Amino acid sequence: MSIVTVNGTAPYDISIGPGTRHELRERLGTQVAKALLIHAPIMAAEATRIREALAGDVDVLLAEVPEAEDSKRVEVAAFCWGIMGQADFTRSDAVISLGGGATTDLAGFVAATWLRGVRIVHIPTTVLGSVDAAVGGKTGINTAEGKNLVGAFHSPAAVLVDTELLSSLPETEIRTGFAEIAKAGFISDTSILDDLESSIDTCLDLTSDLAADVMRRAIQVKATIVGEDFTEQGVRETLNYGHTLGHAIEHAERYRWRHGVAISIGMMFAAELSRLVRSLSDFDVERHRLILGERLGLPLVYPAARWETLRATMQRDKKARGSALRFVLLDGIARPTVTTVGDDSLLFAAYQEIAG
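Engineer: Before we go on, may I ask you to explain the pairing of strand β8 (residues 146-153) in this structure?
Structural biologist: A regular strand places its side chains on the two faces of the sheet in alternate fashion. Both strand β7 (residues 138-143) and β8 contribute to a ladder of five bridges, which runs antiparallel. Across the sheet, T143 pairs through a bridge with G146, a residue of β8. Linkage of β7 to β8, two consecutive antiparallel strands, is achieved through a turn of two residues.

Engineer: Mind showing me how you'd approach the side chain of D284 here?
Structural biologist: Mapping D284 onto the fold places it in helix α13 (residues 282-295). No salt bridge is formed by the buried D284. Its closest oppositely charged neighbour is R287, at 5.4 Å. Apart from residues lying up to four places away in sequence, D284 is in contact with G332 and I333.

Engineer: What exactly am I supposed to notice about the environment of T125 here?
Structural biologist: With respect to the secondary-structure elements, T125 resides in the loop between β6 (119-124) and α5 (127-133). Using a relative accessible area of 6% as the deciding quantity, one classes T125 as buried. With 38 residues separating them along the chain, T125 and T163 place their C-alpha atoms 8.6 Å apart. If we ignore the near neighbours within four places in the chain, the residues touching T125 are M43, L98, G99, G100, L165, L166 and L169.

Engineer: Explain the pairing of β6 to me, please; I cannot follow it from the model alone.
Structural biologist: With five of six residues buried, β6 is to be regarded as a mostly interior element. Summarising the sheet, strand β5 (residues 94-99) and β6 pair through six bridges and their orientation is parallel. Its bridge partner lying in β6, S97 is registered against H122. Handedness of the β-α-β unit built from β5, helix α4 (residues 101-113) and β6 comes out right-handed. Taken together, the two bridges between β6 and strand β9 (residues 158-162) define a ladder with parallel strand orientation. Bridging across to β9, H122 finds its partner in V159.

Engineer: Just to check I follow, could you spell out the nonpolar core for this structure?
Structural biologist: Formed by 74 residues in total, the largest nonpolar core has its most connected members in I14, F178, F186 and F269. Discounting residues that sit within four places of it in the chain, F269 has contacts with L245, W307, F327, L347, A350, Y351 and I354.

Engineer: What exactly am I supposed to notice about unusual backbone geometry here?
Structural biologist: Among all residues save glycine, negative phi is the norm, and among peptide bonds the norm is trans. A positive phi angle, close to 50 degrees, is found at A68, a residue other than glycine. Tracing the backbone shows A68 in the loop between β4 (59-64) and α3 (74-86). Judged by its relative accessible area of 31%, A68 is partly exposed. Of note, R254 is a non-glycine position whose phi angle comes to about 55 degrees, a positive value. Tracing the chain through its elements places R254 in the loop between α11 (243-252) and α12 (259-277). For R254, a relative accessible area of 66% puts it in the exposed group.

Engineer: When you look at the packing of helix α7 (residues 171-187) against helix α10 (residues 209-228) in this model, what are you seeing that I'm missing?
Structural biologist: Axis angle and axis distance: for two packed helices, these are the angle between their axes and the distance between the axes, and together they describe the pair. The interhelical angle for the contact between α7 and α10, taken along N-to-C directions, is 60 degrees, at an axis separation of 9 Å. Of the possible angle classes, the one that applies to α7 and α10 is oblique. For the pair α7 and α10, the crossing hand works out as left-handed. For the pair α7 and α10, the contacting residues are F178, I181, A184 and I187 in the first and V214, M215, A218, V221 and I225 in the second.

Engineer: Help me out: how do you make sense of the pattern of salt bridges in this one?
Structural biologist: As a working rule, side chains carrying opposite charge can pair if their charged atoms are close by. Considering all chains together, one arrives at 31 salt bridges under this definition. Between R289 and E272 there is a salt bridge, with its nearest N and O atoms 2.5 Å apart. You can see R289 sitting in helix α13 and its partner E272 sitting in helix α12, a full 17 residues away along the chain. By sharing partners, the salt bridges in this structure join R21, E46, R49, D162 and E164 into a single network.

Engineer: Is there a simple way to explain the environment of R311 in this structure?
Structural biologist: Mapped onto the elements, R311 comes out in helix α14 (residues 307-315). Residues R311 and T337 lie 26 residues apart in sequence; the distance between their C-alpha atoms is 21 Å.

Engineer: Quick question: what am I supposed to make of the side chain of T103 here?
Structural biologist: Take T103: it is sitting in helix α4. T103 gets classed as buried once you look at its relative accessible area, which sits at 2%. For T103, the contacting residues outside a window of four places in its chain are I38, H39, A40, S71, S97 and L98.

Conventions and cut-offs
- Residues numbered from 1 in each chain as written.
- Predicted model: local features only at pLDDT ≥ 70, side-chain atom pairs only at ≥ 80, totals over all residues.
- Heavy atoms only, no water.
- Pairing = 2+ DSSP bridges.
- Helix = DSSP H or I, 4+ residues; strand = E, 2+ residues; numbered from the N terminus.
- Buried < 20%, exposed > 50% of the residue type's maximum accessible area, 1.4 Å probe, protein only.
- Lys, Arg positive; Asp, Glu negative; His and termini not counted.
- Salt bridge = Lys/Arg side-chain N within 4 Å of Asp/Glu carboxyl O.
- Contact = heavy atoms within 4.5 Å.
- Right-handed = clockwise from strand over helix to strand, strands pointing away.
- Core = buried A, V, L, I, M, F, W, Y, C linked by side-chain atoms within 4.5 Å.
- Axes fitted to C-alpha atoms, helices over the stretch in contact; angles between N-to-C directions.
- Parallel < 35°, antiparallel > 145°, perpendicular 65-115°, else oblique.
- Left-handed = near helix turned anticlockwise from the far one by under 90°.

Dropping the structure here:
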């Protein structure tokens, strides 16, 4: 087992290894008498086991929510608030999340908004949730206008990344989750990219020591950045590499696509835009194609006819400033910079490089 600590005003630990979910009682704290366990449908049996394990110590109420992005709606959050209200949850009670990134985002938002903030412990059950959504205290739900436009910053009490739970994931789910791991390599830790290039099969085997270590390094990248800039006033924005276009694609696909699939295309677009705007080398752009496309088998193109729709959605992105769009671009691998791009011709030219 390894531990990554997220520093800042409310420090917490991320435990990574087999069986970490069994730390839950300790991580909830001795004051917690009631907890709402918000879980994805596929985790129903595990949720019941957790409730039984805590019986007699913590009164656990279960809230099953829809799969993936369908859970990130205000109606679902209201359903959870209703359970907490009827059970007289106080500020000394807690929320537990058990599921992928969408479940983590929703549960975090519910915890952040109930009585203006109660304790939450995340047990992510996907690679994406483990290395991204559960780390950093960003919470949110979607609206008809875009992704994560309503949310709050709310640090968890702990994150328990249990590799036993992750090892049964289907390969497609693992590969899409690794898009965020690759992102950590592109913006910060080049050793991640080296391993993805040279040992992809071992990296994707979540029972391997290398897979656990690659995940730890990706988590450490985010933990370090979040510890410096919790509310995204500066360096934390670099974690959005590939996300401006990626979120627009998710919206266009009505959130039926996996996050990592959309972010893969978004990173390829950001690399092409970096070549035009920040002089990213041809070699580094092609490295994106190699790792995302060939090694991870993720898509790198999107229909040419969708550009205007995507452009309009990006205009509502949280990073937009007036009519200009802000992107995380690269001056080189592990050299991210936030850049305002007001020239639509450059955006269109970069998009033509990924248009299929």
